[in-house]
Amino acid sequence: MVKIIVGTNRKNSVSKVIAEIYQSILLEKGTASEILELEHLPADFIATALYENNGKNDGYNAFHDRVKAGTKFVFIVAEYNGSFPGILKSFIDGMTYPNTFRNKKCALVGISSGVGGGGIALSHLTDIFHYLGMHVLALKPKLAKIEQNMSDNLLTNRLYVELLQTQADMLLEF
C-alpha cells in the first residue's frame, strides 16, 4: 500500500486536495493507498514524542507505526517560505532513525501559489531523504500557481494531471 503524506498541518489545505487526487489516480491503476495527514499528529508531539521522549506519546506512536509500515510513499509538499513546512521536518525527525525510511521509495510533488512549484522545497527534502537512505523518484512535478490551476477541488491544468499520472506509473514500477 502506498502511503500518501500530506506535508502540512494546515486545515483544509490544497495539499490534502492534491493527495486525494493522487489517491484517485492510484486507485484507477489498481493500487491501494492511505492518506496520512500531518494535521492529525498530536498537537504537543514536538515536546512529548521527540528525542528523550521517543516512544512516550501513544498518539504519535500510532501515526509513526502507520508510516513505518509503508514501503512506497508520496509526499505532497507545499512551499512555505522557500522550503517545506516545519511540521514536516519535525515529523521526519521523530521517525526512527535510520530504519523508517532506509531503502524505501518515494515520490515528491511540489505545490506553490508562486511560480516555482515548490522546487526549492523539493530539493531540500530530497537531500534529507537521501541522507536517510530513501530512494527518491527523479520525476518531481512542480505544480505552480496551484490555486489558478484548480476549480472545485479538481486540477484544471491537463499537464499537471498528466505529470501526476506519469509519476504514479513510475512509482509503481520503481
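Rules used in this analysis
- Residues numbered from 1 in each chain as written.
- Predicted model: local features only at pLDDT ≥ 70, side-chain atom pairs only at ≥ 80, totals over all residues.
- Heavy atoms only, no water.
- Helix = DSSP H or I, 4+ residues; strand = E, 2+ residues; numbered from the N terminus.
- Rg over C-alpha atoms; globule rule 2.2 N^0.38 Å.
- Buried < 20%, exposed > 50% of the residue type's maximum accessible area, 1.4 Å probe, protein only.
- Areas by Shrake-Rupley, 256 points an atom, 1.4 Å probe, with all protein chains shown as cover.
- Phe/Tyr/Trp six-rings, centres within 6.5 Å; stacked < 30°, edge-to-face > 60°.
- Core = buried A, V, L, I, M, F, W, Y, C linked by side-chain atoms within 4.5 Å.
- Contact = heavy atoms within 4.5 Å.
- 1 Å grid on protein atoms, 1.4 Å probe; cavity = no way out; pocket = protein on both sides within 12 Å on 5 of 7 lines; lining within 4 Å.
- Points joined across faces, edges and corners; volume = space filled by probe spheres on them.
- Nonpolar A, V, L, I, M, F, W, Y, C, P; charged D, E, K, R; others polar.
- Pairing = 2+ DSSP bridges.
- Right-handed = clockwise from strand over helix to strand, strands pointing away.

Visitor: Looking at this structure, how should I read the overall build of the protein chain?
Guide: A tally of helices and strands in the protein chain yields six helices and eight strands. Here the C-alpha radius of gyration of the protein chain, 15 Å, is about what a compact globule of 174 residues would show, namely 16 Å. Projected onto its principal axes, the C-alpha coordinates of the protein chain cover approximately 45 × 30 × 25 Å. Counting all 174 residues of the protein chain, 51% fall into the buried class. Just so you have it, the protein chain exposes about 8300 Å², and 50% of that area is on carbon and sulfur atoms.

Visitor: Explanation requested: the packing of aromatic side chains in the structure shown.
Guide: Think of a pair of aromatic rings as described by two things: how far the centres are apart, and how the planes are tilted against each other in angle. For the structure on display, the rule yields seven aromatic pairs. Arranged with centres 5.8 Å apart and planes meeting at 85°, the rings of Phe63 and Phe91 form a pair that is edge-to-face. With Phe63 in helix 3 (residues 58-68) and Phe91 in helix 4 (residues 86-94), the pair connects residues that are 28 residues apart, well separated along the chain. When its relative accessible area of 5% is taken as the criterion, Phe63 is described as buried.

Visitor: Help me out: how do you make sense of the environment of Leu159 in this one?
Guide: Inspection of the secondary structure puts Leu159 in helix 6 (residues 158-173). Separated by 122 residues in sequence, Leu159 and Glu37 have C-alpha atoms that sit 26 Å apart.

Visitor: Would you mind showing me how to read the side chain of Thr31 here?
Guide: The residue Thr31 is located in the loop between helix 1 (14-28) and strand 2 (33-37) in this model. Given a relative accessible area of 18%, Thr31 falls into the buried group.

Visitor: Explain the nonpolar core here, please?
Guide: If you look at soluble globular proteins, the nonpolar side chains tend to sit buried side by side. Among the nonpolar cores identified, the biggest contains 29 residues, and Val67, Phe75, Leu88, Phe91, Phe101 and Phe129 are the most heavily contacted of them. Within the residue set of this core, elements represented by two or more residues are helix 3, strand 3 (72-78), helix 4, strand 4 (105-111) and helix 5 (119-131). If we ignore the near neighbours within four places in the chain, the residues touching Phe91 are Ile5, Leu38, Leu41, Phe45, Tyr60, Phe63, Val67 and Phe75. Judged by nonpolar contacts, the second largest core, of 27 residues, contains Ile21, Ile35, Val74 and Ala107.

Visitor: How should I be thinking about unusual backbone geometry in this particular structure?
Guide: Note: most residues except glycine have negative phi, and most peptide bonds are trans. If you check the backbone angles, Asn12 has positive phi at about 55° while not being a glycine. Among the structural elements, Asn12 can be located in the loop between strand 1 (2-6) and helix 1. What makes Asn12 exposed here is its relative accessible area of 80%. Backbone geometry at Asp152 places phi at a positive 50°, although glycine is not the residue there. On the secondary structure map, Asp152 appears in the loop between strand 7 (150-151) and strand 8 (154-155).

Visitor: Even after reading the chapter, I still don't get the layout of surface pockets, so can you show me in this structure?
Guide: One simple way to see leftover space: roll a probe sized like a water molecule over the atoms. Its boundaries defined by the atoms lining it, the largest pocket holds a volume of some 180 Å³. For the largest pocket, the lining is made up of 13 residues, of which Arg10, Val14, Ala78, Ile111 and Glu147 are closest to its centre. Residues that form the lining of the largest pocket fall into these classes: five nonpolar, five polar and three charged.

Visitor: Explain the pairing of strand 1 here, please?
Guide: The element strand 1 is largely enclosed, with a buried count of five among its five residues. Side chains Val2, Ile4 and Val6 of strand 1 all project onto a buried face; the interleaved residues Lys3 and Ile5 project onto the opposite face, where all are buried too. Looking at chain direction, strand 1 and strand 2 are connected through five bridges and run parallel. From the neighbouring strand, Ile5 faces strand 2, where its bridge partner is Leu36. On the question of chirality, the crossover connecting strand 1 to the parallel strand 2 by way of helix 1 is right-handed. Inspection of the sheet shows strand 1 paired to strand 3 by five bridges, in the parallel sense. Looking at strand 3, one finds that Ile5 is bridged to Phe75.

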